[in-house]
Amino acid sequence: MGIISSLKKAFSKPYKTVSVAEARDLLSSGASLIDVRSAQEWRSGRAPQAKHIPLDRLQTSTAGIPKSRPVIAMCQSGVRSASAARLLASQGYEAYSLRGGLGAWRQAGEPVR
């Protein structure tokens, strides 16, 4: 392996960032959606199919998240979901971060309850 490919591998993200449309496609194929926002943010509105696992809890346990299917992490803007996706990928999950978070989800006209 050359120096360039070693550097690319060392600095590449272990997860993918996806748009709302890409997330919708993944969800229709059986992916899980986890919302890593705080309880207060969760109560203010959420994607109906999301499971609430705040980032601080996710850092101590991934119980209840099946490894057999892809996992999409979402937060308010995409920053915390990137941390969550990185964490999940490091534990062997096929992980994705939703670009733009719930704000992008709403803007794309996806349901929020």
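Here's a quick rundown of the structure.

Parameters and conventions
- Residues numbered from 1 in each chain as written.
- Predicted model: local features only at pLDDT ≥ 70, side-chain atom pairs only at ≥ 80, totals over all residues.
- Heavy atoms only, no water.
- Pairing = 2+ DSSP bridges.
- Helix = DSSP H or I, 4+ residues; strand = E, 2+ residues; numbered from the N terminus.
- Contact = heavy atoms within 4.5 Å.
- Axes fitted to C-alpha atoms, helices over the stretch in contact; angles between N-to-C directions.
- Core = buried A, V, L, I, M, F, W, Y, C linked by side-chain atoms within 4.5 Å.
- Buried < 20%, exposed > 50% of the residue type's maximum accessible area, 1.4 Å probe, protein only.

1. Regarding the sheet that holds strand 5 (residues 95–98)
With parallel pairing, the five strands of this open sheet are ordered in space as 1-5-4-2-3. Single-partner strands in this sheet number two, and they are strand 1 (16–18) and strand 3 (51–52). With three bridges joining them, strand 1 and strand 5 adopt parallel strand pairing. Following the sheet pairing, Val18 is matched in strand 5 by Leu98. Together, strand 2 (32–35), strand 4 (71–74) and strand 5 form the strand contacts of helix 5 (residues 79–90), whose direction differs from that of strand 5 by roughly 180°.

2. Here's the deal with the nonpolar core
By size, the foremost hydrophobic cluster in this structure holds 18 residues, and its most contacted members are Ile34, Val36, Leu58, Ile65 and Leu88. Among the secondary structure elements, those contributing two or more residues to this core are helix 4 (55–58), strand 4 and helix 5. Of all the elements, helix 5 adds the most residues to this core, at six residues. Not counting residues within four places of it along the chain, the set of residues in contact with Val36 comprises Ile53, Pro54, Leu55, Leu58, Met74, Cys75, Arg80, Ser81 and Ala84.

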